Protein chains: 2
Amino acid sequence: MKPKISDVAKVAGVSPTTVSRVLNNRGYIGKETREKVHEAMEKINYYPNDIARSLYIKKTFLIGVIFPTTSNPFYGQLIFHLENYANSLGYKVLLCNSQGREDKEKSYLQMLQRNQVDGVIAGAHNRGIEEYDIPNLPVVGFDRYLSKNTPVVSSDNYEGGRLASQLLIDKGCKNIIHINGPIDLETPANLRREAYEKVMRDNQLTPITYETTRDNEEVIKRLFDDHPEVDGIFASDDLIAANVMREARKRNISIPNDLKLIGYDGTQTTRILLPELSTIEQPIKDIAEKCVDILIKQIDGEREDIQQHTILPVRLIDAETT
Amino acid sequence: MKPKISDVAKVAGVSPTTVSRVLNNRGYIGKETREKVHEAMEKINYYPNDIARSLYIKKTFLIGVIFPTTSNPFYGQLIFHLENYANSLGYKVLLCNSQGREDKEKSYLQMLQRNQVDGVIAGAHNRGIEEYDIPNLPVVGFDRYLSKNTPVVSSDNYEGGRLASQLLIDKGCKNIIHINGPIDLETPANLRREAYEKVMRDNQLTPITYETTRDNEEVIKRLFDDHPEVDGIFASDDLIAANVMREARKRNISIPNDLKLIGYDGTQTTRILLPELSTIEQPIKDIAEKCVDILIKQIDGEREDIQQHTILPVRLIDAETT
DNA sequence: TTGTAGGCGTTATCAA
DNA sequence: TTGATAACGCCTACAA
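The present account deals with the structure reproduced in this document. (Residues numbered from 1 in each chain as written. Chains lettered and ligands numbered in written order. Predicted model: local features only at pLDDT ≥ 70, side-chain atom pairs only at ≥ 80, totals over all residues. Heavy atoms only, no water.)

Of all residues adjacent to DNA strand D, which total 25 residues, the nearest are Y46 of chain A together with T18, R21, T33 and K58 of chain B. Counting only atoms of DNA strand D within 4 Å of the protein, the sugar-phosphate share comes to 63%. The separation between a phosphate oxygen of DNA strand D and a polar main-chain atom of I5 of chain A is 2.6 Å. Per element, the largest residue contribution to the surface near DNA strand D is 4 residues, and it comes from helix α2 (residues 16–24) of chain A. Broken down by class, the residue content of the surface near DNA strand D amounts to 10 nonpolar, 9 polar and 6 charged. (Near = heavy atom within 4 Å. Polar contact = N/O pair within 3.5 Å; in protein donor to acceptor, adjacent residues only side chain to side chain. Helix = DSSP H or I, 4+ residues; strand = E, 2+ residues; numbered from the N terminus. Nonpolar A, V, L, I, M, F, W, Y, C, P; charged D, E, K, R; others polar.)

With that settled, consider the relation of the copies chain B and chain A. In screw terms, the move from chain B to chain A is a rotation of 180 degrees and a rise of 0.1 Å along the axis, fitting with an RMSD of 0.1 Å. A rotation of that kind, with that shift, is consistent with a two-fold axis. When each C-alpha of chain B is compared by its distance to the rotation axis, L94 of chain B comes out closest, at 2.4 Å. Mapped onto chain A, 100% of the interface residues of chain B are again interface residues, and the two copies thus contact each other with one and the same surface. (Least-squares fit on C-alpha atoms with pLDDT ≥ 70 in both. Contact = heavy atoms within 4.5 Å.)

By a widespread convention, an interface's size corresponds to the accessible area lost as its parts come together. In this complex, chain B contributes 56 residues to the contact, which on the side of chain A involves 56 residues. On the chain B side of the interface with chain A, the three residues burying the most area are I51, R114 and L273 of chain B, jointly 15% of the side's total. At the junction of chain B and chain A, the tally comes to 6 salt bridges. For the pair chain B and chain A, the number of links is 18 residue pairs in polar contact (both at pLDDT 80 or more). Secondary-structure elements contributing two or more residues to the side of chain B that touches chain A are α4 (50–57), α5 (73–88), β2 (92–97), α6 (102–114), α10 (238–250) and α11 (268–273) of chain B. Looking at the side of chain B that touches chain A element by element, the count peaks at 8 residues for α5 of chain B. Looking at side-chain class alone, the side of chain B that touches chain A contains 23 nonpolar, 20 polar and 13 charged residues. Note: strand β2 (residues 92–97) of chain A against β2 of chain B, 3 bridges, orientation antiparallel. (Buried area = accessible area lost by both parts, 1.4 Å probe. Salt bridge = Lys/Arg side-chain N within 4 Å of Asp/Glu carboxyl O. Pairing = 2+ DSSP bridges.)

Before going further, it helps to spend a moment on the pairing of strand β6 (residues 176–180) of chain A. Residue and element names in this part refer to chain A. In terms of burial, β6 is a largely internal element, 5 of the 5 residues being buried. Examined bridge by bridge, β6 and strand β8 (residues 232–235) share 4 bridges and lie parallel to one another. Bridge pairing in β8 links I177 to I233. Here β6 pairs with strand β7 (residues 208–211) via 4 bridges, running parallel. Bridge pairing links I179 to Y210 in β7. (Buried < 20%, exposed > 50% of the residue type's maximum accessible area, 1.4 Å probe, protein only.)

Attention now goes to unusual backbone geometry. Residue and element names in this part refer to chain A. Look at the link from I255 to P256: it is a cis peptide, with omega at 5 degrees. If you trace the backbone, P256 turns up in the loop between α10 (238–250) and β9 (260–262). At N25, a residue that is not glycine, the phi angle is positive and equals roughly 55 degrees. N25 sits in the exposed class, given a relative accessible area of 56%. Backbone geometry places F61, a non-glycine residue, at a positive phi of 55 degrees. Looking at where F61 falls in the secondary structure, it is placed in the loop between α4 (50–57) and β1 (62–67).

As a further point, take the sheet that holds strand β3 (residues 119–122) of chain A. One open sheet accounts for 12 strands, arranged β11(A)-β5(A)-β4(A)-β3(A)-β1(A)-β2(A)-β2(B)-β1(B)-β3(B)-β4(B)-β5(B)-β11(B); its pairing is mixed. Two strands close off the open sheet at either side, each with one partner strand: β11 (309–312) of chain A together with β11 (309–312) of chain B. Between one strand axis and the next, the sheet turns by 20 degrees as a mean value, whatever way the strands run. Looking at chain direction, β1 of chain A and β3 of chain A are connected through 4 bridges and run parallel. Looking at the pairing, I66 of chain A lines up with A122 of chain A of β3 of chain A. Its contacts with the sheet put helix α6 (residues 102–114) of chain A on β1, β2 and β3 of chain A together with β2 of chain B, and the angle it makes with β2 of chain A is roughly 155 degrees. (Axes fitted to C-alpha atoms, helices over the stretch in contact; angles between N-to-C directions.)

Side chains of E32, E35, E39 and E42 of chain A sit close together on the surface and give a patch of like negative charge. With respect to the element layout, E32 of chain A can be found in helix α3 (residues 31–44). (Patch = residues over 30% accessible without salt bridge, like charges linked within 9 Å, V, L, I, M, F, W, Y side chains within 5 Å. Areas by Shrake-Rupley, 256 points an atom, 1.4 Å probe, with all protein chains shown as cover. Lys, Arg positive; Asp, Glu negative; His and termini not counted. Charge placed at Lys NZ, Arg CZ, Asp CG, Glu CD.)

Glancing now at helix α3 (residues 31–44) of chain B. All names here are of chain B. Between its first and last C-alpha atoms α3 spans 20 Å; for 14 residues at 1.5 Å apiece the expected length is 20 Å, and the two agree. Along α3, the residues that are buried comprise V37, A40 and M41. Here the buried residues of α3 occupy an arc of 100 degrees about the axis, which is enough to place them on one side. Away from its buried face, by an angle of more than 90 degrees, α3 presents the exposed residues K31, E32, E39, E42 and K43. Of the surrounding elements, those touching the buried residues of α3 are α1 (5–12) and α2 (16–24). Of the residues one or two after α3, N45 is the one with positive phi, at around 55 degrees. (Expected span 1.5 Å × (residues − 1). Arc of directions from axis to C-beta.)

Moving on: the pairing of β2 of chain A. Residue and element names in this part refer to chain A. With respect to burial, β2 is a largely interior element, 6 of its 6 residues being buried. Neither face of β2 is left uncovered, since the one carrying K92, L94 and C96 and the one carrying V93, L95 and N97 both have all their residues buried. Where β1 and β2 come together, 6 bridges link them in parallel fashion. The partner of F67 across the bridge, within β2, is N97. Following the chain from β1 across helix α5 (residues 73–88) to the adjacent parallel β2, one finds a crossover that is right-handed. (Right-handed = clockwise from strand over helix to strand, strands pointing away.)

This is the structure:
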């Protein structure tokens, strides 16, 4: 069936070893031999079996990527860059959509180990799982502390929260409310809220935070009902911000006249679908590349120069909703 | 290092064969032996090496998934469902972002073969590539003819195009223009345009199509400049539609009063970020599951009951832009 | 410069 | 019911 090295060897009239040498450019090979081998490979349409190779060299060039879902434009874009950059460095990506479920995450992690991945990049909304503390398995977390010694990459959540809150204040808002998704006390994303609270207090204002769980819309309605005086909202992601826009429209609250609104993430998709939304843009590509770089450093055993926590800068996009 | 079957065997005091039997539940195994083996596995924290297993059984339970980019909400959502469903059936997903580039697609295809994937699901915007005609490699195409014998799954593009065009006409539009992305004559997505043209002619109207390549915005501007009389636009995807909305706003063209607009795709993300946009919703989850089902049938050698072309129904969402 | 032999971790065959 | 052995396709000592 599928041609193997020994088939090439037969056709070329050499030994399998020689073929392997040609394949890997190792050791001495005669010019003629090399050509003969190449011709033979062409002729029978040979390509190497990476599975067999991996088994021997104990390295798969596979990395597992665990995130809630590629459906979300932020993760979709992040994963695009992860895969793209990893690919440019010779690594392949095994995709895992955890849906933020701890059970799925655990079983994915097992699956990845059975598949001998060289490393794992994970980010999600649930609490750090002990299971990530796996000896000999390089791991990098995005926006999330996975275990004591796993490096974390994130963007500057505190600065993002500060920029967003400050902007609302600078534009004259007095009653500013923060909405965020399910909070995990141990994720860096929580810093957005801390920054918001700090800015508020520095300006003699009272911070109020609403937390959404499943149902954004319900929470948002409650927010407007509870606080008709609200004139500024900082949403912890653009999807929530979009929901706020919709609810505001329903209530005939004019943005940005009556209410100023800023979101978070600034994905390509949001910028196309909802360019009028002010937001904090995360450097998604940089995040992805940093994650991969750090992971590969670990894989290559360069433990020295690995930063435990890498923080990348965010950018304020002051568009039409503020 | 990593424990292997023979390590388990030693601890349990049996032979590797027996351990393998326990692992795979094959043949006769004594109750006590089974327990001993299980204990031993627990004790040394053993998990099987799927690479080695794959090498022997010549099956990896890996499927390659080639699409332009997970950044795009449509593909992101499709890939989420592909992975999710494949996972539920015991298959793992190798992710490939082709960016619609033929060279990348070819090299991914090679990579996937070297990794011995059991099959490939691919969809993209460029022309069918001969390279997909690979003996013994099951392939399924989404919205795209890949080669003579590869099954295709798509949603009902013709009906979608018809519904969209007819809606604009029903709402009183007289000067309706269609915009689509780069057209490949051989993809089913082209049917959207054909339906549009048919509907137009059936109503004694002249079809006009603008094709965008890279720069949506430029094309859209030209469209408005060329046709100030336009009162209806059918965009072949929601992102283009969003660009139209933006340009219309810039020109003080009121939607839906002066101009009615309908997009295509209806992803979850669009529904959240831009719920007011009328669109044709594709059954993304069904598409994904159908792709996987058909692929696995091929993998399992059930060639009989494989439909060459599966078409799934679309749904009209008549929102606020029409 | 090239070939032979053994091993990577697993599974299946066959014998015990 | 269990164990020894060979094989999956490749790679690397070591020998020639």
